[in-house]
Amino acid sequence: MNKPMNEFEHNIVWAQVATVSDFPEDGGMCVQVENQQIAIFNFARRGEWYATDNLCPHKQQMALSRGMIGSHGADCEPKVACPFHKKTFSLKNGQCLSGDDLQIQTYPVKVEGASVFVGLVKP
């Protein structure tokens with residue numbers, strides 16, 4: 001039985017971006033959706049998927065998809081570290097975990113069969 005959708009889920013448009021096999025395990029890949037670069041992460045050792053802006057707000061570089069993923073703190077917050085300056089961001093909410101006043105956008109991800117979808121909120 002499918003669970004009912006909440007109000008947020010009604011406003012999402014899902015875009016198929018690739019197949020599961022296109023993504024490295026425990027790594028990320030950049031996709032382009034509607035002229036927007038989105039970093040999608042296959043956190044295989046946790047069985048989780050995440051999506052964020054590919055742009056690191058620290059030095060304005062399109063690099064987060066090439067960052068290292070891991071866990072932060074006692075609650076094992078999933079994170080990505082920018083490959084250039086090691087600023088780290090939560091993969092759940094985009095908050096900077098390095099103590100800076102920076103934020104990245106996060107997006108919902110779903111996997112159906114072998115296809116990976118990213119969700120964009122309708123305007």
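Residues numbered from 1 in each chain as written. Predicted model: local features only at pLDDT ≥ 70, side-chain atom pairs only at ≥ 80, totals over all residues. Heavy atoms only, no water.

An unreviewed UniProt entry annotates the chain as Naphthalene 1,2-dioxygenase system ferredoxin subunit originating from Ephemeroptericola cinctiostellae.

1. Some words on the sheet that holds strand 11 (residues 109-112)
A sheet is described by the order of its strands in space; here 3 strands give the open sequence 1-12-11, paired in antiparallel fashion. Two strands close off the open sheet at either side, each with one partner strand: strand 1 (12-19) and strand 11. Looking at each pair of strands side by side, their axes are set apart by 30° on average, direction ignored. Pairing analysis gives 7 bridges linking strand 1 to strand 12 (residues 115-121), with the strands arranged antiparallel. Note that in strand 12 the partner of Thr 19 across the bridge is Ser 115. (Pairing = 2+ DSSP bridges. Helix = DSSP H or I, 4+ residues; strand = E, 2+ residues; numbered from the N terminus. Axes fitted to C-alpha atoms, helices over the stretch in contact; angles between N-to-C directions.)

2. Some remarks on the environment of Ala 44
Residue placement: Ala 44 occurs in the loop between strand 3 (36-43) and strand 4 (48-53). It is 8.8 Å that separates the C-alpha atoms of Ala 44 and Pro 24, two residues lying 20 residues apart in sequence. Leaving out residues up to four positions away in the same chain, Ala 44 has contacts with Glu 25 and Asp 26. (Contact = heavy atoms within 4.5 Å.)

3. Quick notes on the environment of Asn 93
Note on placement: Asn 93 falls in the loop between strand 9 (88-90) and strand 10 (106-107). For Asn 93, a relative accessible area of 38% corresponds to the partly exposed category. Along the chain, Asn 93 and Thr 52 lie 41 residues apart, while their C-alpha atoms are 9.0 Å from each other. Polar contacts involving the side chain of Asn 93 include one to the main-chain amide nitrogen of Gln 95, which spans 2.9 Å. (Buried < 20%, exposed > 50% of the residue type's maximum accessible area, 1.4 Å probe, protein only. Polar contact = N/O pair within 3.5 Å; in protein donor to acceptor, adjacent residues only side chain to side chain.)

4. Overview of the sheet that holds strand 8 (residues 77-81)
Read across the open sheet, the 3 strands follow the order 7-8-9; overall the sheet is antiparallel. Strand pairing shows two members of the sheet lacking a second neighbour, strand 7 (68-72) and strand 9, which therefore form its edges. Each neighbouring strand pair of the sheet contributes to a mean axis angle of 35°, computed without reference to strand direction. When strand 8 meets strand 9, the two strands line up antiparallel, connected through 3 bridges. Each bridged residue has a counterpart across the sheet, and for Ala 81 the counterpart in strand 9 is Thr 88.

5. A word on the pairing of strand 12
Of all the 7 residues making up strand 12, 6 are buried; the element is thus mostly covered by neighbouring parts of the structure. Bridge analysis of strand 11 against strand 12 gives 4 bridges, and the strand direction is antiparallel. Bridged to Glu 112 within strand 12 is Ser 115.

6. Topic: the environment of Val 116
Mapped onto the elements, Val 116 comes out in strand 12. Along the backbone, Val 116 and Cys 30 are 86 residues apart, and their C-alpha atoms lie at a distance of 13 Å. Among all residues touching Val 116, those that are not within four sequence positions of it are Ala 15, Gln 16, Val 17, Ala 18, Thr 19, Val 20, Phe 23, Ile 40, Trp 49, Val 109, Lys 110 and Val 111.

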